[in-house]
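# Close look at the chain arrangement
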Amino acid sequence: MLVLRGFLQPRPSSHLVSIANKLVTAKTFRRASSTTNKNMGDKGDKTNKIALDEAKKLAARTAVDEWITEDTKIVGIGSGSTIVFAVQRIAERVWKEGALCDLICVPTSFQARQLILDYNLNLGDLDRNPIIDIAIDGADEVDSRMVLIKGGGGCLLQEKIVASCAKHLIVIADYTKRSLRLGEQWCKGIPIEVTPIAHVPIKLKIEALFGGEATLRMALAKAGPIITDSGNFLLDWRFVAKREFDWDEVNRALMMIPGVVETGLFVDNAHKCYFGMADGTVKVQNR
Ligand SMILES: O=C[C@H](O)[C@H](O)[C@H](O)COP(=O)(O)O
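Residues numbered from 1 in each chain as written. Predicted model: local features only at pLDDT ≥ 70, side-chain atom pairs only at ≥ 80, totals over all residues. Heavy atoms only, no water.

Going by this rule: UniProt positions are given in the numbering used here, feature names are shortened, and annotations may be inferred rather than shown by experiment.
By the naming in an unreviewed UniProt entry, the chain goes by ribose-5-phosphate isomerase and is assigned to Drosophila lebanonensis. Turning to the chain, the UniProt annotation filed under Pathway (unreviewed entry) states: "Carbohydrate degradation; pentose phosphate pathway; D-ribose 5-phosphate from D-ribulose 5-phosphate (non-oxidative stage): step 1/1." Regarding the chain, the UniProt comment filed under Sequence similarities (unreviewed entry) reads as follows: "Belongs to the ribose 5-phosphate isomerase family."

The structure is reproduced here in structure tokens:
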């Protein structure tokens, strides 16, 4: 079926979908969950992982069901562990319910692209699909004004590009990501993607401008730093959490430093955020 599916671009018409369902569902779900759930976007949260996963799943499924309709043509697929549940729900609607046959999915990372392929969804790109209806993505922290920190899993540049092409960015997260002020929950700093040759001067400039400490993110199973999907390095800037920051200004100032490619501060991007809560409810935050 995986081969057959390749010949059926664009998506199979609905009478073929039911046949395709029977053939592909078991295989697709078995294959996809074996590669995506365990090792993609999981930043190693060990505490209460099952409850957290339930909360992520709840947020993801609610957001997908509210925002992705038959009118949605192009969806941006974020990165991380929460987005896995959103892709699973999209795939369920496509392959089990025979809906969303023409939906095109534009990835924000290598991981997102793999997820789209693993679940046998239509893979798009910004060349052919530069205008996106909805982008769905996770976040490392969301403050009361819907400023986000992203990039904890090393993906932020393509995420911000895709979000900028989307009419709406819908954020999905578990309850540990919700805070009044940035830094309350997420203590690993703001990820900043930089051109490799400039990581030292950029670090010094950030610290001189705003204080705190910017450290080069090192790889775990490789000697040396993490290399992003776009071939850059990442600095994690641990800012002084008690200090008041105008995040819009900070973001602009960071972007003015030569060699900074993008920041994990999403200031004016998110439209709505769905938090899966510990009690099994979903809290919705609007901008
Ligand atoms: O680099 C990763 C992305 O920005 C993720 O969207 C973010 O880290 C949230 O990931 P998760 O859903 O795993 O908490």
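Additional details are given in the paragraphs that follow.
## A look at the site of the ligand
What counts is decided by this rule: For this description, a residue counts as near a given molecule or strand if any of its non-hydrogen atoms is within 4 Å of it. Think of a polar contact as two N or O atoms within 3.5 Å of one another; within protein, one of them needs to be a possible hydrogen donor and the other a possible acceptor, and neighboring residues in sequence only count if both atoms come from side chains. Each accessible area value is a Shrake-Rupley result obtained with a 1.4 Å probe; residue values ignore everything except the protein chains displayed when judging cover. Under the scheme applied, nonpolar residues are Ala, Val, Leu, Ile, Met, Phe, Trp, Tyr, Cys and Pro; charged residues are Asp, Glu, Lys and Arg; polar residues are all the others, including Gly.
As a structural note, the neighbourhood of the ligand is formed by 18 residues, with Ser79, Ser81, Thr82, Asp140 and Lys177 the closest of them. Contact between the ligand and Thr82: an oxygen atom at 2.6 Å from a side-chain N or O atom of the residue. Relative to its free-state accessible area of 370 Å², the ligand is covered by the protein chains to the extent of 99%. Across the shell around the ligand, the residue classes tally to two nonpolar, ten polar and six charged.

## Quick look at the sheet that holds strand β5 (residues 141-142)
The cut-off we apply is this: Whether two strands pair comes down to DSSP finding at least two bridges between them. The numbering of helices and of strands both runs from the N terminus, where a helix is a DSSP run of H or I of at least 4 residues and a strand a run of E of at least 2.
Taken in spatial order, the three strands make up an open sheet running β5-β6-β12, and their pairing is antiparallel. With partners counted over all chains shown, the strands left at the sheet margins are β5 and β12 (265-266), one partner each. Here strand β6 (residues 148-149) pairs with β12 via two bridges, running antiparallel. Among the inter-strand pairings, Ile149 is bridged to a residue of β12, identified as Leu265.

## Thoughts on helix α5 (residues 110-118)
Spelled out, the test is: The buried label goes to any residue with under 20% of its type's maximum accessible area, the exposed label to any with over 50%, and the partly exposed label to all in between, with areas taken from a 1.4 Å probe on protein chains only. The arc in question is traced by the directions running from the helix axis to the C-beta atoms.
Residues of α5 that are buried include every one of Gln111, Ala112, Leu115, Ile116 and Asp118, and no others. Viewed end-on, α5 has its buried residues packed into an arc of 165°, placing them on one side of the element. Of the residues flanking the start of α5, the one acting as N-cap is Ser109, its side-chain oxygen 3.4 Å from the backbone nitrogen of Gln111. Phi turns positive, to about 60°, at Asn120, one or two residues after α5.

## Re the pattern of salt bridges
As a reminder, the rule being used: We count a salt bridge whenever a side-chain nitrogen from Lys or Arg sits within 4 Å of a carboxyl oxygen from Asp or Glu.
Per the counting criterion, the structure on display carries 16 salt bridges. Across the salt bridge formed by Asp137 and Lys150, the nearest N and O atoms sit 3.2 Å from each other. With a gap of 13 residues between them, Asp137 in strand β4 (residues 132-137) and Lys150 in the loop between β6 and α6 (157-165) connect regions that are remote in the sequence. Judged by relative accessible area, Asp137 falls into the buried class, the value being 3%. Judged by relative accessible area, which is 3%, Lys150 ranks as buried. Across the salt bridge formed by Asp174 and Lys177, the nearest N and O atoms sit 3.8 Å from each other. Note on accessibility: Asp174 and Lys177 belong to one class, buried.

## A closer look at helix α8 (residues 247-256)
Operational definition: Should any heavy atoms of two residues lie within 4.5 Å, those residues are considered in contact.
All of the buried residues in α8 are Trp247, Val250, Asn251 and Leu254. The buried residues of α8 occupy an angular sector of 100° when the element is viewed end-on, so they sit on one face. Away from its buried face by more than 90 degrees, α8 exposes Glu249, Arg252 and Met256. Against the buried residues of α8 lie α6, β8 (190-194), α7 (199-210), β10 (233-238), β11 (260-263) and β12.

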